[in-house]
Amino acid sequence: MANSTDLIRNVAIAGHGGTGKTTLLEHLLFQGGAIAKPETIESGRTVSDYGDEEIARKISIHASLSHVAYKDLKINFLDTPGSSDFVGDVILAFRACEAALVLVDAKAGVQIETIKLWRNLDGRKKPRLVFVSKLDEERASFDGALADVKGKFKVNPVAITIPMGEAASFRGVIDVLNNVAYSAPASHDQREAPGPVPADMAAAVAECRSKLFEAAAEGDDGLMEKYLGEGELSQEETLKGLKEAFAAGRVFPAFAGSALRNSGTAALLDFIASIAPNPAFLAPEPVFEHEGQLSSVTVDPSKPAAALVIKTQIDQFSGRLSYVKVFTGKLAPDLELINVRDGRKEKLGKVYTLQGKKLEEVKELVAGDIGVLAKAMDLKTNDTISAFDKPFFFHKLRLPTPVHTLAIAAVNKKEEDKLNENLVKAAEEDLTFQVTFNIETKETVIAGTGELQINMILERIKAATKIQAETRVPRVAYRETITKKASAEYTHKKQTGGHGQYAKVVFDVEPVERGAGYKFDNKLFGQSVSKGFIPGIEKGIRQAMEMGVVAGYPVVDVKTSITDGKEHPVDSSEMAFKIASRGAFREATKNAAPVLLEPIMNLKVFVEEKNLGDVMSDLSGRRGRISGQNPLGGGIVEIDAQAPQAELLRYAIDLRSMTSGTGSFEVDFDHYSPITGKIADDVVKAAAAFRVHVEEEE
Ligand SMILES: Nc1nc2c(ncn2[C@@H]2O[C@H](COP(=O)(O)OP(=O)(O)OP(=O)(O)O)[C@@H](O)[C@H]2O)c(=O)[nH]1
Ligand SMILES: [Mg+2]
């Protein structure tokens, strides 16, 4: 197997759910000789979809790594899931690969996830090949699919292969570049073989060839001159021109086929081998120097070793697997590196490449390659391991923030810790899944990309641990504040047996700017209250602020001034002043027109034009304020808005059902804002009901 950087190629396979990515990869591996027999999704035995849930649901859930030795090359493929719930694994694959193979269904055309993924690839400047899949299916149209690519992405796809017939009359593809035809094999487990182009296709092929020459010559004056003079380019010249244009993102080579019939794989594999970029020629990867300065590295085998952990998988059979992309030097068994995150030594065990779930031990992984380290217990996704004296570290993968949140608890309280442990473990594997404890609402909150992802994680935990977990809509972290200045005095006095308790304080409270939190001012004149009692007074205020007078939510943005007070030579104590302060603060805030505050979120909603009206009016119904809309191309519009968190608790589910699964959004906290009237009354009622419920439980 190829073992030098210039012979490594990395290709991510991506596209809308169910476009045939896993099936295509299976047949590419077969056509390239990496496997002896191709399987189907239906058989549940494909190389790439090997997880229990993938087999059961017949969809890809994780990115999976496999490779084929072709000519002298090692071509790595990362097959990615199409469902938006698992987009984290698609993005990590984009990060690790120098090129992407994007699938477009021949009858459905460019679908929404593909549009989103294409934008992500645009942002990363990754060259793309387009494979028009399922040409054997009814209503399939190669030209229709390419017209859709052209219309939605404003790019010019150039056909490298074209179909012979479509739908029921589909009978194979023609490799226009090499001028040969590949009849679809009689059965999908037979390899494709080249033959002559049928006479009835000659005209179509000639037309495609001239488009190919034009695309190859564009941007290269020498080639253009030759093409205009001779009306043709050699196969070598065409490839050279295409390769440059491809790497620069000017040309999007397009392919036709039916993966399920192993048709179209031979020419595709051959073209990938000819055109996919050598990792070393790629734009430098930005990194942070150890002092935090920005710098960059290029893939280079001659430097000391440095690699990025792109994915962590905790496998029931193989244990912990850390997927790595090697950027410089090479990784070999027993090599001692540093984990740049914490400076700890990381001594490598064996190093592997993967064929789906099958670990294949290798001597080393060179710069540019993607492979796996087993049982590296301290490695986490996004870690940089390095042999440099002054190590740099790679940027963390930027993933979409999880938008679907749920509060979670173990049905059996004794299992709470174990549940949390398992949730944390799941979050390590999938960085788009997060677990936090909200101190204000006292809830463990899990957040993910969607219902499917969260349900699957919980099912997995249940299957492995038998822990029953309950989820519900999370509570909103309301807060309270005051809206005007007021004062109150409070005396705490108790005469019990011998020693009594006595303290009196007079407080002014006033609103301060949002975000100021707690403020205290000592305005005492003379010695009415000894200095030694001030800490007790402040403790009392802080305690009172934990539970406001409106609905028991934390009080924020209040400045309390103590203006007067009284102490008793024997009966006063810190405790007495704490109690008096608590009372005075509560009284004063009651007088100061207290209000509830609710969290307001920034929203970016991405929808297809046809759903725009519905989504906008739904947002107004959620007390949303729309600040702008932006067409993003491909028929997608971005809506910018703000809305209260309380109205967005089920938005991930509602938006999907409103848009038949095509809408998505990003959300982050912006500020707290007062609520009044019926909305506030309902919050107060709910809080009271909740307190009764908790007290009954206790
Ligand atoms: N007729 C036909 N069916 C196909 C073809 N390729 C794939 N399929 C079927 O389409 C379904 C989805 O195929 P997959 O390979 O799982 O598609 P995918 O893009 O990997 O799906 P996700 O990973 O879940 O996004 C399966 O039932 C396949 O058998 C094809 O060329 N022709
Ligand atoms: Mg798949």
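Rules and cut-offs
Residues numbered from 1 in each chain as written. Chains lettered and ligands numbered in written order. Predicted model: local features only at pLDDT ≥ 70, side-chain atom pairs only at ≥ 80, totals over all residues. Heavy atoms only, no water. Helix = DSSP H or I, 4+ residues; strand = E, 2+ residues; numbered from the N terminus. Contact = heavy atoms within 4.5 Å. Areas by Shrake-Rupley, 256 points an atom, 1.4 Å probe, with all protein chains shown as cover. Lys, Arg positive; Asp, Glu negative; His and termini not counted. Charge placed at Lys NZ, Arg CZ, Asp CG, Glu CD. Pairing = 2+ DSSP bridges. Axes fitted to C-alpha atoms, helices over the stretch in contact; angles between N-to-C directions. Near = heavy atom within 4 Å. Donors = N, O, S within 2.8 Å, 3.2 Å for Na, K, Ca; no water. Salt bridge = Lys/Arg side-chain N within 4 Å of Asp/Glu carboxyl O. Buried < 20%, exposed > 50% of the residue type's maximum accessible area, 1.4 Å probe, protein only. Domains from an automatic or database assignment. Buried area = accessible area lost by both parts, 1.4 Å probe. Polar contact = N/O pair within 3.5 Å; in protein donor to acceptor, adjacent residues only side chain to side chain. Nonpolar A, V, L, I, M, F, W, Y, C, P; charged D, E, K, R; others polar. Expected span 1.5 Å × (residues − 1). Arc of directions from axis to C-beta. Core = buried A, V, L, I, M, F, W, Y, C linked by side-chain atoms within 4.5 Å. Phe/Tyr/Trp six-rings, centres within 6.5 Å; stacked < 30°, edge-to-face > 60°. Lys NZ or Arg CZ within 6 Å of the ring centre and 35° of its normal.

### Details of the overall build of the chain
- Within the chain, the secondary structure is distributed over 16 helices and 37 strands.
- Each principal axis of the C-alpha atoms in the chain carries an extent, and together these give about 110 × 60 × 50 Å.
- Once local pairs closer than 6 in sequence are excluded, the contacts in the chain between residues at least 24 apart make up 71%.
- For the chain, the exposed surface amounts to about 30800 Å²; the carbon and sulfur share of it is 51%.
- Separation between the mean location of the 86 positive side-chain charges and that of the 98 negative ones in the chain comes to 5 Å.

### Regarding the sheet that holds strand 31 (residues 501-511)
- Reading across from one edge, 30-31-33-32 is the order of the four strands in this open sheet, with mixed pairing throughout. At either margin of the open sheet sits one strand with a lone partner, and together these are strand 30 (486-494) and strand 32 (518-522). Geometrically, the sheet is characterised by an average inter-axis angle of 25° between neighbouring strands, direction not taken into account.
- As defined by bridge partners, strand 30 adjoins strand 31 across nine bridges and the pair is classed as antiparallel. Looking at the pairing, Lys494 lines up with Gln501 of strand 31.

### A closer look at the site of ligand 1
- Close to ligand 1 lie 18 residues, the nearest being Lys21, Thr22, Thr23, Ser60 and Asp136.
- For ligand 1, whose unbound accessible area comes to 650 Å², protein coverage reaches 89%.

### A short note on the sheet that holds strand 3 (residues 73-79)
- Spatially, the seven strands line up as an open sheet ordered 2-3-1-4-5-11-6, and their pairing is mixed. Where the open sheet ends on each side, the last strands, each with one partner, are strand 2 (64-70) and strand 6 (157-159). Between one strand and the next, the sheet's axes are offset by a mean angle of 30°, whatever the strand orientation.

### Digging into the coordination of the magnesium ion (ligand 2)
- Taken together, the protein ligands of the magnesium ion (ligand 2) are Thr22 (OG1) and Ser60 (OG), with distances of 2.0 Å. Taken together, the residues span a long stretch of sequence, with Thr22 in helix 1 (residues 21-31) and Ser60 in the loop between helix 2 (52-57) and strand 2 at a distance of 38 residues.

### Some remarks on the pattern of salt bridges
- Here the structure, examined in full by the defined rule, presents 49 salt bridges.
- When the shortest N-O distance is used, the salt bridge between Glu244 and Lys240 registers 4.0 Å. Of this pair, Glu244 and Lys240 both sit in helix 8 (residues 235-247), four residues apart, which is roughly one turn of the helix.
- Among the residues examined, Glu244 registers a relative accessible area of 43% and is labelled partly exposed.

### Things to note about the domain arrangement of the chain
- Looking at the chain, the domain boundaries give domain 1 (5-281), domain 2 (300-394), domain 3 (404-475), domain 4 (480-592) and domain 5 (599-679).
- Relative to domain 5, the C-alpha centre of domain 3 lies at a distance of 25 Å.
- Taken residue by residue, the interface counts eight residues in domain 3 and six residues in domain 5.
- Taking both partners together, domain 3 and domain 5 bury about 540 Å²; carbon and sulfur atoms supply 59% of that area.
- It is His404, Glu451 and Val473 in domain 3 that bury the most area against domain 5; as a group they hold 58% of the surface buried on that side.
- Inspection of the region where domain 3 meets domain 5 yields zero salt bridges.
- Where domain 3 packs against domain 5, one counts one residue pair in polar contact (both at pLDDT 80 or more).
- Here the side of domain 3 that touches domain 5 is composed, by residue class, of two nonpolar, four polar and two charged.

### Re the environment of Phe213
- Structurally, the position occupied by Phe213 is in helix 6 (residues 202-217).
- C-alpha separation for the pair Phe213 and Val556, spaced 343 residues apart in sequence, amounts to 69 Å.
- The contacts of Phe213, once residues within four sequence positions are left out, are Tyr227, Gly231, Glu232, Leu233 and Thr238.

### A look at helix 10 (residues 416-429)
- Given a rise of 1.5 Å per residue, 14 residues ought to cover 20 Å, and the 20 Å separating the end C-alpha atoms of helix 10 matches this to within 8%.
- Among the residues of helix 10, those classed as buried are Glu416, Leu419, Asn422, Leu423, Ala426, Ala427 and Glu429. The buried residues of helix 10 all sit within an arc of 155° when viewed along its axis, so they share a single face. Turned more than 90 degrees off the buried face of helix 10, the exposed positions are Asp417 and Glu421.

### A word on the environment of Arg124
- For Arg124, the position within the fold is in helix 4 (residues 112-124).
- Note: C-alpha distance between Arg124 and Ala108 (16 residues apart in sequence) is 26 Å.
- In contact with Arg124, other than residues within four places in its own chain, are Ile91, Phe94 and Arg95.

### Thoughts on the nonpolar core
- In terms of nonpolar packing, the biggest core is built from 116 residues, with Ile75, Phe77, Leu101, Ile162, Leu242, Phe271 and Ile272 touching the most fellow members.
- The biggest single contributor to this core is helix 9 (residues 265-275), with eight residues.
- Counting only domains with at least three residues in this core, you end up with domain 1 (5-281) and domain 2 (300-394).
- In this structure Leu101 touches Val11, Ala12, Ile13, Ala14, Leu24, Leu28, Leu129, Phe131, Leu268 and Ile272, once residues within four positions along its chain are discounted.

### So, unusual backbone geometry
- A positive phi is found at Lys125, a non-glycine position, where the angle reads about 55°.
- Structurally, Lys125 is set in the loop between helix 4 and strand 5 (128-133).
- The backbone phi angle of Arg623 is positive, close to 60°, even though this residue is not glycine.
- Assessed through its relative accessible area of 27%, Arg623 is described here as partly exposed.

### Quick word on the packing of aromatic side chains
- If you walk through the whole model with that rule in mind, you get twelve aromatic pairs.
- Aromatic side chains Tyr478 and Tyr553 sit 5.4 Å apart centroid to centroid with 65° between the ring planes, which places their arrangement in the edge-to-face category. Residue Tyr478 is located in the loop between strand 28 (469-472) and strand 29 (479-482), and its partner Tyr553 is located in the loop between helix 12 (534-546) and strand 33 (558-566); the two are separated by 75 residues in the primary sequence.
- Looking at Tyr478, the relative accessible area reads 9%, which means it is buried.
- What makes Tyr553 buried here is its relative accessible area of 17%.
- An aromatic cluster of three or more residues is present, and its members are Phe327, Phe388, Phe392 and Phe394.
- The positively charged end of Arg128 is found above the aromatic ring belonging to Trp118, 4.7 Å away from the centroid.
- Geometry around Phe327 places Lys325 over its ring, the cationic atom sitting 5.5 Å from the centre.

### Considerations on the pairing of strand 14 (residues 306-315)
- Burial analysis of strand 14 places nine of its ten residues in the buried class, the great majority of the element.
- The pairing of strand 14 with strand 15 (residues 319-328) spans nine bridges and is classified as antiparallel. Looking at strand 15, one finds that Lys311 is bridged to Tyr323.
- Turn length for the strand 14-strand 15 hairpin, with the two strands adjacent in sequence and antiparallel, is three residues.
- In this structure, strand 14 lies alongside strand 23 (residues 384-386), joined through three bridges in antiparallel fashion.

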